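Observations on chain architecture
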Amino acid sequence: MEEINNIEVVPCTESDYLKPFRVHYSQNGTKKSWDFMRTHDSVSVLIFNTTSHCFVLVKQFRPAVYMCEWEKAKTQPPKSAEKTVEGAAEAATESQQGQSASEGESSSQWLPASAGVTYELCAGLVDKPDLSLEEIARQEVLEECGYDVPASKLKKITSYRSGVGVTGAKQTMFYAEVSDDNCVSPGGGEPKEGELIEVVKVPLHEAMTFAYDERIPKTMGVIFSFIWFHNNMSPKYKISTNV
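Residues numbered from 1 in each chain as written. Predicted model: local features only at pLDDT ≥ 70, side-chain atom pairs only at ≥ 80, totals over all residues. Heavy atoms only, no water.

Applicable threshold: UniProt positions are given in the numbering used here, feature names are shortened, and annotations may be inferred rather than shown by experiment.
The name an unreviewed UniProt entry gives the chain is Uridine diphosphate glucose pyrophosphatase NUDT14, with Oreochromis aureus as the organism. Regarding the chain, the UniProt comment filed under Subunit (unreviewed entry) reads as follows: "Homodimer." Checking UniProt for the chain, the heading Cofactor (unreviewed entry) contains the comment "Mg(2+)".

Brief notes about the packing of aromatic side chains
Rules: Between the rings of Phe, Tyr and Trp (Trp by its six-membered ring), a pair exists once the centres lie within 6.5 Å; its type follows the angle of the planes, with under 30 degrees stacked, over 60 edge-to-face, and the other angles tilted. Helix and strand labels come from DSSP, where a helix needs a run of H or I of at least four residues and a strand needs a run of E of at least two; each type is numbered from the N terminus. In this scheme, Lys NZ or Arg CZ marks a charge over a ring once it lies within 6 Å of the ring centre and within 35 degrees of the ring normal.
Evaluated as defined, the whole model comprises 12 aromatic pairs. Measuring from ring centre to ring centre gives 6.2 Å for Phe210 and Phe226, while their planes differ by 50°; the resulting arrangement is tilted. Remark: Phe226 occurs in helix α5 (residues 220-232) and Phe210 occurs in helix α4 (residues 207-212); sequence separation between them is 16 residues. It is Lys218 that lies over the ring of Phe210; its NZ or CZ is 5.7 Å from the centre.

Side note on helix α1 (residues 63-75)
For clarity, the threshold we go by: What a helix should span is 1.5 Å times the count of its residues minus one. A simple rule labels every residue: compare its accessible area, found with a 1.4 Å probe on the protein chains alone, to the largest value its type can have, and call it buried under 20%, exposed over 50%, or partly exposed in between. Along the arc lie the directions from the helix axis toward the C-beta atoms. The contact criterion used is simple: two residues touch if any of their non-hydrogen atoms lie within 4.5 Å.
When the terminal C-alpha atoms of α1 are compared, their 19 Å separation across 13 residues agrees well with the 18 Å that a helix rising 1.5 Å per residue should span. Inspection of α1 places Tyr66, Met67 and Trp70 among the buried residues, and these make up the whole buried set. Along α1, the residues classed as buried sweep out an arc of 95° about the axis, all on the same side. Facing away from the buried side of α1, by more than 90 degrees, are the exposed residues Ala64, Cys68 and Thr75. Looking at the packing, one finds that the buried side of α1 touches β4 (54-61).

Regarding the nonpolar core
Put simply, the rule reads: For our purposes a nonpolar core is just a set of buried Ala, Val, Leu, Ile, Met, Phe, Trp, Tyr and Cys residues, chained together by side-chain atoms within 4.5 Å.
Residues Leu46, Phe55, Tyr175, Phe226 and Phe229 are the most contacted members of the largest nonpolar core, which totals 23 residues. Breaking this core down by element, the ones donating at least two residues are β3 (42-49), β4, β8 (169-178), β9 (198-203), α4 and α5. A per-element tally of this core places α5 first, with 5 residues. Those residues in contact with Leu46 that sit more than four places away from it in its chain are Phe55, Leu121, Phe174, Tyr175, Ala176, Ser225, Phe226, Trp228 and Phe229. If you look at the next biggest cluster of nonpolar residues, it comprises 17 residues, including Cys122, Leu154, Val178 and Ile197.

A closer look at the pairing of strand β5 (residues 117-120)
For clarity, the threshold we go by: The criterion for strand pairing is that DSSP finds at least two bridges linking the strands in question.
The two faces of β5 match: Val117 and Tyr119 on one face and Thr118 and Glu120 on the other face are all buried. Pairing geometry for β4 and β5, over 4 bridges, is antiparallel. Among the inter-strand pairings, Val58 is bridged to a residue of β5, identified as Glu120.

As structure tokens, then:
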């Protein structure tokens with residue numbers, strides 16, 4: 001997953017997923033403008049394995065996260081010249097691993113691919129008008145995590161707006177209980193769609209520690225859903241979520 005190379009950043013002039021617009025409007029007599037992206041709504045699923053008492057998340061490389069970290073790293077002042085030769089060699093090796101230069105950038109300027117890897121809920125775009133949200137969520141659970149769960153077993157947690165300053169798209173979050181008997185494949189996503197996903201299990205008793213550990217890159221959906229589970233489902237299993 002973390003072998004990323006041949007990085008090249010180019011203008012995005014056409015996309016099946018994002019369409020940029022600028023809206024002009026008046027608010028309380030003041031003329032304003034706002035740039036936004038039109039994109040698909042989405043679904044996400046908090047998966048809890050009742051056999052092993054763990055949450056099932058997905059781990060994947062996100063180019064947008066990687067490039068944000070890269071841009072941030074570019075603005076940081078260079079490290080002290082007093083760094084030892086050994087330390088400098090280790091840093092150079094790490095930054096060059098799995099990377100290649102693009103558009104005049106030297107390979108040593110790229111971050112390790114791990115800078116763009118995040119932990120997330122199983123999720124997917126709402127781009128199949130003939131399917132219900134539950135059916136789309138069911139497909140994502142099967143493709144990404146390998147569990148075959150009937151759509152009727154998916155419980156809606158809530159829906160909310162995400163990226164309100166840029167997209168305003170709506171995401172609907174579901175909860176699904178699975179067991180080892182429901183596991184019919186290793187998951188991993190659809191390669192033909194460019195997905196490369198690692199399935200990760202987080203034990204229930206470690207969930208809240210995981211959620212609040214800022215060293216672990218994760219989405220807000222993971223944090224919110226773990227809190228929801230702690231408040232609504234933990235008493236059912238009589239197991240501490242380590243709060």
